[in-house]
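Chain by chain, the residues run as shown.
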Amino acid sequence: MTVDSSAARKPRRSAAGKAGTTGSKTGSTGEATGAKRTTRTTRGAARKSTDPQLVQLLTPEGKRVKNTEYDGYVAGITPEDLRGLYRDMVLTRRFDAEATALQRQGELGLWASLLGQEAAQIGSGRATREDDYVFPTYREHGVAWCRGVDPTNLLGMFRGVNNGGWDPNGNNFHLYTIVIGSQTLHATGYAMGITKDGADSAVIAYFGDGASSQGDVAESFTFSAVYNAPVVFFCQNNQWAISEPTEKQSRVPLYQRAQGFGFPGVRVDGNDVLACLAVTRWALERARNGEGPTLVEAYTYRMGAHTTSDDPTRYRGDEERAAWEAKDPILRLRRYLEASNHTDDGFFAELEEESEALGKRVREAVRAMPDPDRFAIFENVYADGHALVDEERAQFAAYQASFADAEGGR
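Remember, it's a predicted structure, so these values are computed and weren't measured experimentally.

Draft legend 1. Fine view of the overall build of the chain. Per the secondary structure count, the chain includes 13 helices and 9 strands. Across the 410 residues that make up the chain, the buried fraction comes to 50%. Pairs at least 24 apart in sequence give 76% of the contacts found in the chain among residues at least 6 apart. Element-wise, carbon and sulfur atoms account for 50% of the exposed surface of the chain, whose accessible area totals about 18,500 Å².

Draft legend 2. View of the packing of aromatic side chains. Counted according to the given criterion, the structure contains 27 aromatic pairs. Ring centres of Phe-158 and Tyr-176 lie 6.4 Å apart, and the angle between their planes is 75 degrees; this geometry places the pair in the edge-to-face category. Pair noted here: Phe-158 is in helix α4 (residues 155–159) and Tyr-176 is in the loop between α5 (168–171) and α6 (182–196), with a separation of 18 residues, a long-range link. The same class applies to Phe-158 as to Tyr-176, namely buried. Grouped by ring-pair contacts, the aromatic residues Phe-95, Trp-111, Phe-158, Trp-166, Phe-173 and Tyr-176 constitute a single cluster. The ring of Trp-324 has Lys-327 sitting right over it, with the charged end atom 4.3 Å from the ring centre. Its guanidinium or amino end placed over the ring of Phe-348, Arg-334 lies 3.7 Å from that ring's centre, counting from NZ or CZ.

Draft legend 3. A look at the packing of helix α2 (residues 118–125) against helix α9 (residues 273–288). At a closest axis distance of 7 Å, the pairing of α2 and α9 adopts a crossing angle of 40 degrees. As summarised for this structure, α2 and α9 are arranged oblique, according to the angle between their axes. Crossing handedness for the pair α2 and α9: right-handed. Counted together, Ala-119, Ala-120, Ile-122, Gly-123 and Ser-124 of α2 and Val-273, Cys-276, Leu-277 and Thr-280 of α9 form the full contact between these two elements. Of the residues belonging to the contact of α2 with α9, the class tally is 6 nonpolar, 3 polar and no charged.

Draft legend 4. Main features of the pairing of strand β9 (residues 294–299). When you tally the buried positions in β9, you get 6 out of 6 residues, the bulk of the element. Taking every second residue as pointing to the same face, both faces of β9 are buried, with Thr-294, Val-296 and Ala-298 on one and Leu-295, Glu-297 and Tyr-299 on the other. Where strand β5 (residues 231–237) and β9 come together, 6 bridges link them in parallel fashion. Among the inter-strand pairings, Phe-234 is bridged to a residue of β9, identified as Val-296. Both strand β8 (residues 265–269) and β9 contribute to a ladder of 5 bridges, which runs parallel. Along β9, the bridge assignment pairs Arg-267 with Glu-297. Considered for its hand, the β-α-β crossover made up of β8, α9 and β9 is right-handed.

Draft legend 5. Structural context of the sheet that holds strand β3 (residues 133–135). One open sheet holds the 5 strands; their spatial order is β3-β4-β5-β9-β8, and the pairing between them is parallel. This sheet does not close on itself; its edge strands, each paired only once, are β3 and β8. On average, each strand axis in the sheet is tilted by 20 degrees relative to the strand beside it, whichever way the strands run. Two strands pair when backbone bridges link them, and strand β4 (residues 203–208) and β5 are joined in this way by 6 bridges, in the parallel orientation. In the sheet register, Ala-205 faces β5, and the bridge partner there is Phe-233. Relative to β4, α6 is tilted by about 170 degrees, and along the sheet it contacts β3, β4 and β5. Each of β4, β5, β8 and β9 touches α9; the most contacted strand, β8, lies at about 160 degrees to it.

Draft legend 6. Seen up close, the nonpolar core. The biggest cluster of nonpolar side chains holds 66 residues, and the ones touching the most others in it are Tyr-86, Leu-155 and Leu-333. Looking at this core element by element, the count peaks at 11 residues for α9. By size, the runner-up hydrophobic cluster in this structure holds 22 residues, among which are Val-217, Ala-225, Phe-233 and Ala-258.

Draft legend 7. How the structure looks around the pairing of β8. The element β8 is extensively covered by neighbouring structure, given that 5 of its 5 residues are classed as buried. Of the two faces of β8, the one carrying Gly-265, Arg-267 and Asp-269 and the one carrying Val-266 and Val-268 are both buried.

Draft legend 8. A look at unusual backbone geometry. We note that Asn-228 has phi near 50 degrees; this positive angle belongs to a residue other than glycine. Relative to the elements of secondary structure, Asn-228 occurs in the loop between α7 (215–226) and β5. In this structure, Ile-242 takes a positive phi of about 55 degrees despite not being glycine. Checked against the element boundaries, Ile-242 lands in the loop between β6 (240–241) and β7 (244–245).

Parameters at a glance
- Residues numbered from 1 in each chain as written.
- Predicted model: local features only at pLDDT ≥ 70, side-chain atom pairs only at ≥ 80, totals over all residues.
- Heavy atoms only, no water.
- Helix = DSSP H or I, 4+ residues; strand = E, 2+ residues; numbered from the N terminus.
- Buried < 20%, exposed > 50% of the residue type's maximum accessible area, 1.4 Å probe, protein only.
- Contact = heavy atoms within 4.5 Å.
- Areas by Shrake-Rupley, 256 points an atom, 1.4 Å probe, with all protein chains shown as cover.
- Phe/Tyr/Trp six-rings, centres within 6.5 Å; stacked < 30°, edge-to-face > 60°.
- Lys NZ or Arg CZ within 6 Å of the ring centre and 35° of its normal.
- Axes fitted to C-alpha atoms, helices over the stretch in contact; angles between N-to-C directions.
- Parallel < 35°, antiparallel > 145°, perpendicular 65-115°, else oblique.
- Left-handed = near helix turned anticlockwise from the far one by under 90°.
- Nonpolar A, V, L, I, M, F, W, Y, C, P; charged D, E, K, R; others polar.
- Pairing = 2+ DSSP bridges.
- Right-handed = clockwise from strand over helix to strand, strands pointing away.
- Core = buried A, V, L, I, M, F, W, Y, C linked by side-chain atoms within 4.5 Å.

Nothing here speaks to function; it is geometry throughout.
What follows is the structure, encoded as structure tokens:
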């Protein structure tokens, strides 16, 4: 699908002399920067690593900490804004849980849960402007929510009834990308295009720690740096690329990879919605001002399975998940809201009702969708047809008919 990049744009500032910018940027505060983290491999052996400093504005206990570099990017946030961020995370988690349940009930073929990554997605998603363009993977349900994509539209592809249920140009939110890492190339090309248009908008590309090992991502880094493209690479490091831990993919923290390509990288507490909001605003502002790309590594955790076809108990221990549950992004913001007297029991009660209503709406919408066309996979493989495809279609038809024969013989 062709994506229109000719929406109303403002002139860009000149980027002369900034294409060679290097260095990394980290915050001055962070949690347990020297703490040792223990996880379990598939063989059950313990391994330890030292985590570098990361930007944090809210501790896991819900306490606000100062950060001179990034506080200014959330200085104007109001209690209403904070409640809005909390609502976004709660409703996104509710939708995600409903989708997982629907897959278990046979209504969806597959589902990729974002459980535990709500702060990274809502914080970064709310940092974008309407004229910015987003290139997601297949797990950015929270970002889709921020961009105004109806949750029910995300489910058609996972049910097999369409290839994506929304118009990318309607929300500046591209279709989900299943091929690992390729969306970073799309984002870089789009960013180079809007530069030629003279726009001051920015592009943000999402990918996971596993995708960071893909050649497409390295090529994107190279081209974006050389052409000073206004793109933010937002890596959600949820610790596991299916069953492979991050330590088996990189000898250095992921955000430090940006230095080798000549642009800044920063690691942010991915379970801190305020920090994710602030850091992404900073990175997008750099892009709009003609200062080129930025790599943001949101250090978070996938609390569920990679997808509903995965069993995480085969490669990681319960103690690891328990440690990260103590850093739950939703509980963290709730503690801050309550301690700051920014909300009351009525707010949480109303949100609970809204959450249940959303779950019901999603269930009803999915069950109202048609069953997928079982033979659609054979269409459009070749423009003029192919003997082998015809043979496979006939075999599949006979296989499907065998079920009807079995039911008729009962």
